[in-house]
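Per-entry structural report
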Amino acid sequence: MSRLLVEVAGVSVRLGDHQALEQVDLALHEREIVSLIGPNGAGKSTLVKLVLGILEPDTGRVTRAPGLRFAYMPQRLAIDPTLPIDVDRLLDLPHRHSASEKREALERVGVTGLGRRPLQALSGGELQRVLLARALLRRPDLLVLDEPAAGIDYQGQAAFFGLIDSVRREQGCGILVVSHDLHLVMAATDRVVCLNRHICCSGTPEAVGDDPVYLELFGPRTGAALARYHHHHDHEHALSGEIAHPADCEHH
Amino acid sequence: MLPDFLLRGWLAGMALAAVAGPLGCFVVWRRMAYFGDTLAHGALLGVTLGLVTGIDLMPAVAVTSALIALLVVVMQRQRTLATDTLLGILAHSGIAIGLVLLGLVGAVRVDLLGYLFGDVLAVRWQDVAVAVIGGALVLAVLRHYWPELLFATLHDEMARAEGTPTTRLRLVLMLLVALVIAAAMKIVGILLITSMLIIPPAAARQLSATPEAMAVIAAGLGGLAVTLGLTLSWHADTPAGASIVVMALAIFVVAQVIGPLVARRLGC
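About the thresholds
Residues numbered from 1 in each chain as written. Chains lettered and ligands numbered in written order. Predicted model: local features only at pLDDT ≥ 70, side-chain atom pairs only at ≥ 80, totals over all residues. Heavy atoms only, no water. Helix = DSSP H or I, 4+ residues; strand = E, 2+ residues; numbered from the N terminus. Buried < 20%, exposed > 50% of the residue type's maximum accessible area, 1.4 Å probe, protein only. Contact = heavy atoms within 4.5 Å. Areas by Shrake-Rupley, 256 points an atom, 1.4 Å probe, with all protein chains shown as cover. Pairing = 2+ DSSP bridges. Buried area = accessible area lost by both parts, 1.4 Å probe. Salt bridge = Lys/Arg side-chain N within 4 Å of Asp/Glu carboxyl O. Polar contact = N/O pair within 3.5 Å; in protein donor to acceptor, adjacent residues only side chain to side chain. Nonpolar A, V, L, I, M, F, W, Y, C, P; charged D, E, K, R; others polar. pLDDT = per-residue confidence, 0-100. Axes fitted to C-alpha atoms, helices over the stretch in contact; angles between N-to-C directions. Parallel < 35°, antiparallel > 145°, perpendicular 65-115°, else oblique. Left-handed = near helix turned anticlockwise from the far one by under 90°.

**A short note on the overall build of chain A**
A tally of regular secondary structure across chain A gives 10 helices and 10 strands. A buried classification covers 52% of the 252 residues belonging to chain A. Intrachain contacts of chain A at a sequence separation of at least 6 include 69% that bridge at least 24 residues. Here chain A displays about 11500 Å² of accessible surface, and carbon together with sulfur accounts for 49% of that area.

**Digging into the pairing of strand S2 (residues 18–29) of chain A**
Residues and elements named next belong to chain A. Summarising the sheet, strand S1 (residues 4–15) and S2 pair through 8 bridges and their orientation is antiparallel. Note that in S2 the partner of Leu4 across the bridge is His29. Hairpin connection between S1 and S2: a loop of 2 residues separates the two successive antiparallel strands, and Gly16 in this loop has a positive phi of roughly 65°.

**Quick notes on the interface of chain A and chain B**
Where the parts come together, the accessible area they lose is often given as the size of the interface. Listed by partner, the interface residues are 22 residues for chain A and 21 residues for chain B. Interface area for chain A against chain B, summed over the two sides, is near 2200 Å², with a carbon-plus-sulfur share of 65%. One can count 4 salt bridges joining chain A with chain B. A salt bridge links Arg89 of chain A to Glu212 of chain B; the shortest N-O distance between them is 2.5 Å. Across the contact surface, chain A and chain B share 8 residue pairs in polar contact (both at pLDDT 80 or more). Secondary structure elements with two or more residues in the side of chain A that touches chain B: helix H1 (44–52), strand S5 (70–73) and helix H2 (87–91) of chain A. Looking at the side of chain A that touches chain B, the element that brings in the most residues is S5 of chain A, giving 3 residues. Grouping the amino acids of the side of chain A that touches chain B by side-chain chemistry returns 15 nonpolar, 1 polar and 6 charged.

**Quick word on the confidence of the model for chain A**
All names here are of chain A. When pLDDT is averaged across chain A, the result is 82; 86% of the residues are at 70 or more. Per-element confidence in chain A ranges from a low mean pLDDT of 37 for helix H10 (residues 233–239) to a high of 95 for H2. Predicted confidence is poor over residues 222–252, with pLDDT under 50, and the contacts of this stretch with residues over four places away or in other chains come to 49 contacts.

**Overview of the packing of helix H3 (residues 57–78) of chain B against helix H8 (residues 166–188) of chain B**
Think of two packed helices as two axes; the pair is described by the angle between the axes and how far apart they sit. Residues and elements named next belong to chain B. Contact geometry for H3 and H8: axes closest at 8 Å, N-to-C directions at 150°. Viewed along their axes, H3 and H8 adopt a mutual orientation that is roughly antiparallel. At the point where H3 passes H8, the crossing takes the right-handed sense. Contact residues: H3 offers Met58, Val61, Ala62, Ser65, Ala66, Ala69, Leu70, Val72, Val73 and Gln76, while H8 offers Arg170, Leu171, Met174, Leu175, Ala178, Leu179, Ile181, Ala182, Ala183 and Met185.

**Here we look at the pairing of S5 of chain A**
Residues and elements named next belong to chain A. Residues of S5 alternate between two faces, with Phe70 and Tyr72 on one and Ala71 and Met73 on the opposite face, all of them buried. With 4 bridges joining them, S5 and strand S6 (residues 142–146) adopt parallel strand pairing. Residue pairing in the sheet places Tyr72 in a bridge with Val144 of S6.

**Examining the sheet that holds strand S4 (residues 59–64) of chain A**
All names here are of chain A. Taking strand neighbours across the sheet as the criterion, the 3 strands line up as S2-S1-S4 in an open arrangement whose pairing is antiparallel. Every other strand in the sheet has two partners, leaving S2 and S4 as the edge strands with one partner each. Put simply, the sheet's adjacent strands are angled 15° from each other on average, direction ignored.

Rendered as structure tokens:
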């Protein structure tokens, strides 16, 4: 069994008078890609903050392996046009690296020679790879990717997730991908955790994709159904009883 | 031979420019200009409190501005008001409370113009010493936190996720701005202070390829504005603080024109 990086056990969080998370369990291991999916307002970012230690749980417990190093890849950077900064300088944040390390990191993610380019002049796909290069230079134990497919075309997404998969093999880090859409993360995920304040279901992408709870939450085609979404799946379980639950998809 | 008072004003002004340039870069990058204005307006309240209690004005203003900065942080966390609304309330109540207090203690005849628009003649040697030593301290703090501040400026969440204490950094930055405002009051005056934080960095932007270069160039351009402004003031008998700001503006305009040429030569 690979090393346990972070364990979230029975965690609940209230933000103001809103119950953001309720009795959530989550275990993250090295060399494992876990995708956290759920609709807007499901508590995904709250759970990520708990994992990173930015937020403390009201009840329950979060344990991290000692000396754990995180890297975080944001969805996008809104850089003020008055900030003159190129790719190499970004790679030096928060700690400096040698020129050859930076060159190799850019090569690794497929954007060779972009070092002197101002960040504001990068395309969405280039910026995403540069952000990944910066994260990898940290040699993280756990890499957190926030909505990594946002603003990237379909081919770009497929290539990017292929890259994530090979990074996991090379560096052996655990990877937590946050997304609102299972289809985007399906290609490169070992385990999917479907969150809607509590954990609705989890398992392999195929199992979760067929799960009635998932289908209830997202509809057979993700997108249009989200806007009209109401959470009453507790009643739906009985109604959709003839659909067999996949064996490795546990319910709470 | 320079008259003594002009030398004092120039030295204090140069110390101010050296600090305001780099610090002002963060004010520009993080869009804190209105925040700086609020602290500057609040400085008038500090002046009043200083006059009423007999405390030296510079520490009185520094403490008042710092308290207003803390108040902004606390009230921002409540999230009941948009930040610009909050700042607008604090800025103008600061001035109003200051004026009312002055009236109450019967000190209405105090020359407010000197505080509003600066009074270089009033810069004493001890003010120069405070500006130089205080400026060096502010620069040292800024240098110490520079990489983390830059990281947090780029993406607050990313910095926080990787262990940077972004809330503390924001507080440090706000307190530094409060200190600089207190130091700058005599030279450019409450109403013009923020310009020293904004205009030199904005001018430097056109001439810089890295954040560090922008900080250094902003300090240099600020120093140039102080020198040219005091020269203008000496020869044409114009108000010193306003002359410095006008020169800063002229430098900014020139930078807008030659900036693209410099950029082409740097190849970016």
